[in-house]
Structures are given as C-alpha cells and as structure tokens.
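Structural overview
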Amino acid sequence: MSKEELKAYLEVNFPTCKFEDTIDFPVVIVEQGQLLSLLKSLREAPSTDFDLLFCQTAVDYKTRFEVIYHLSSTTFRHDLVVKVLLDDREHPELESIFSIWKAAELFENEIFDLFGIRFLNHPNLRRIILGDEWQGYPLRKDYTDANILIP
Amino acid sequence: MGVTEDNLNTFPGEVYRDDAGQANFFVTSIDKLANWARSNSLWPLTFGTSCCAIEMMSAASAKYDWSRFGFEVARATPRQADLIIVAGTICTKMAPVLKRLYNQMANPKYVIAMGSCTISGGPFYYYSYSVVKGVDTIIPVDVYIPGCPPRPEALLEGMMALQAKIKKSRAYVIDSPKTKQEE
C-alpha cells in the first residue's frame, strides 16, 4: 500500500488513532490501551502484513516518555511508525509486544536498560548492556553521575 | 642471525675479531643484550575496540608493514604477547576485560595507548556515562600516541619510541638483599 492508502486504511479500521504528517514514514499515534490490538491486527491482517519490526525505541520528553515502533512488510515493502505516549514518568509501564514480534525481546531489554520503562509480560527483562549493579537509567534527560562532567 | 658487517653498528657491545678478521666473540652487558633482543621482537596482542584498530590493521598490512621493525607476530592470546596496543575506546564494561588481559601477559610487558580515547576519553571526556577517562586509570602506559585516530606512521613512530625506551631500561633488576624480619 502507498502512504495514502495506508492512512485511509487505518482511518477506517482504527478511527481513534491520530496521524502525524511526516516526509518519510507515515506515523500513527495510539492510546496505550489500544496498542496491542492495533499491532496484532497490523501484523496479522493480510492486506497490511507487517511481518518485520525493524526498530523499537523510546524518547524522553522530560514530562513523558514515547515508545516508537518501526514496522515494515517484506511482501508489500511498505513501512509504518507507531508511537505510544507514556504519561507516568515515575513508573513507566507498557505491555510487551514479544508475543507479536520475537525481535521485541532484545529491543525491550535495551529500552528497559537505558530508559527504565518496564515491559509487562516480557520473557526475561534484565539489564542487557550495562552491568547488573548499575544505578539509574543513562538515556533519561535527568540522569547524572560522577563520570559526566558537564551535565 | 650472527654478527656481520651489516648489523655491527646496531649491535650493543664491543665485537672482537680473531687473526683472520672474523668476528668471533663480543663483550656486552646482559642488560644491553636482553634489551636488544626484547625491543626487536615485540609481539603485539591482537586487541582493538574501535576505529583505531582499523589504523592498527593498516599498519600491520603490506603498505606500512610493521614487521620491518620487529612487530611481526601479532598474537591472539595474552600469554604469548608482550605488547598490548590499546586501540580504541574503552568502556566501563570493557575495563575489567582489559585489566585481565594485561594481567595474563607474561613479564616483561609493555602498553601503548593509541588515540584520544585511550589517552583521556577523547570526545567522550565531558559527557559520557560509559567511557573510561584514559586507559592509564586501569593499566600502566609506556607510550601515548595522540590522534583520532593516529595514522599508521604515527603508530610506527610510537612503537619505535617504545623500542628506544626498552633499549634504555634495566632488563634485570637485582632485588635488594633480604633482611631478616624482626619478630
């Protein structure tokens, strides 16, 4: 599907989602509760067939977190970006999508390691890059430690 | 390799000739002899963590060819190496690995810090949660080579500076006589 067709398809099937105008990938913003059903449908519906999660990452906007999913289809060669906002900055929690794409296991481990976002129903959520004894989450905007000379 | 006319000048010591003009024996000190051997057969450990390692590989390959100066045999195990070129950024997670590799090397052992990252942390000095601020906070360093990354010529220059350093060092240090401890 082209970008416009994809947008029209999503507006019909998921009317509560919001859309962002971008120059490259089409972006859809979804509520936290709807995330799992939207992604499951995008993966399983034959007309979209997003079988590849090629990037999953997070952004710290100081008041909230944003988790971003980059999806692609190896049959149709179309891409989509799904964003979900996390308003609870103290204890950010989100449902794991490991049941939909197995690639999410390592992505979510890394996001937990660097941002401290907990993924529910994740098979093995642990510190994957930093050591087990590491305190804090370095990619949060308010992170400081003795090694950082200019905060 | 014997003492011939070609290497007579580089050899540390006084060469004596017999009646036929053949160089049959020489007088030298054990320090000079050991240093001569050590400095001309430094075996580097194959250890590179980032872009400096690319320059190190280039220095080893045919165009720059560090085996001209005696660094021929790069070893993949610290037990057989006596020089470690720390080529690349050392993160806090890599630091204990580097320290263990250094401890596993047999004496005498030498360290070259190659590039800004290993000298001070380089571009990661001010704002990084993960990069070690200088490899000399972990292991002792003999020669520092600045650059980001240094060219192969700079690496060869640094390695020859290390050879000069070895040639001036004391190879055998005799321990001071042990005194009986009072109980």
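I will try to describe carefully the structure that is included in this document. (Residues numbered from 1 in each chain as written. Chains lettered and ligands numbered in written order. Predicted model: local features only at pLDDT ≥ 70, side-chain atom pairs only at ≥ 80, totals over all residues. Heavy atoms only, no water.)

1. Notes on the interface of chain A and chain B
- At the interface, 14 residues of chain A touch eight residues of chain B.
- Across the chain A to chain B interface the summed buried area is about 930 Å²; carbon plus sulfur atoms make up 62%.
- Linking chain A to chain B there are zero salt bridges.
- Taken together, chain A and chain B are joined by three residue pairs in polar contact (both at pLDDT 80 or more).
- Tallied by class, residues from the side of chain A that touches chain B come to 12 nonpolar, one polar and one charged. (Contact = heavy atoms within 4.5 Å. Buried area = accessible area lost by both parts, 1.4 Å probe. Salt bridge = Lys/Arg side-chain N within 4 Å of Asp/Glu carboxyl O. Polar contact = N/O pair within 3.5 Å; in protein donor to acceptor, adjacent residues only side chain to side chain. Nonpolar A, V, L, I, M, F, W, Y, C, P; charged D, E, K, R; others polar.)

2. Section: a negative patch on the surface
- A cluster of acidic side chains, namely E31, D87, D88, E90 and E93 of chain A, defines a negative patch on the protein surface.
- Here E31 of chain A lies in the loop between β2 (27–30) and α2 (35–44). (Patch = residues over 30% accessible without salt bridge, like charges linked within 9 Å, V, L, I, M, F, W, Y side chains within 5 Å. Areas by Shrake-Rupley, 256 points an atom, 1.4 Å probe, with all protein chains shown as cover. Lys, Arg positive; Asp, Glu negative; His and termini not counted. Charge placed at Lys NZ, Arg CZ, Asp CG, Glu CD. Helix = DSSP H or I, 4+ residues; strand = E, 2+ residues; numbered from the N terminus.)

3. Some remarks on the packing of aromatic side chains
- Considering all chains together, one arrives at seven aromatic pairs over all chains under this definition.
- By way of ring pairs, the aromatic residues W134 and Y143 of chain A together with Y129 of chain B are connected into one cluster.
- Its guanidinium or amino end placed over the ring of Y102 of chain B, K109 of chain B lies 4.4 Å from that ring's centre, counting from NZ or CZ.
- Lying across the ring of Y125 of chain B, K133 of chain B places its NZ or CZ 5.4 Å from the centre. (Phe/Tyr/Trp six-rings, centres within 6.5 Å; stacked < 30°, edge-to-face > 60°. Lys NZ or Arg CZ within 6 Å of the ring centre and 35° of its normal.)

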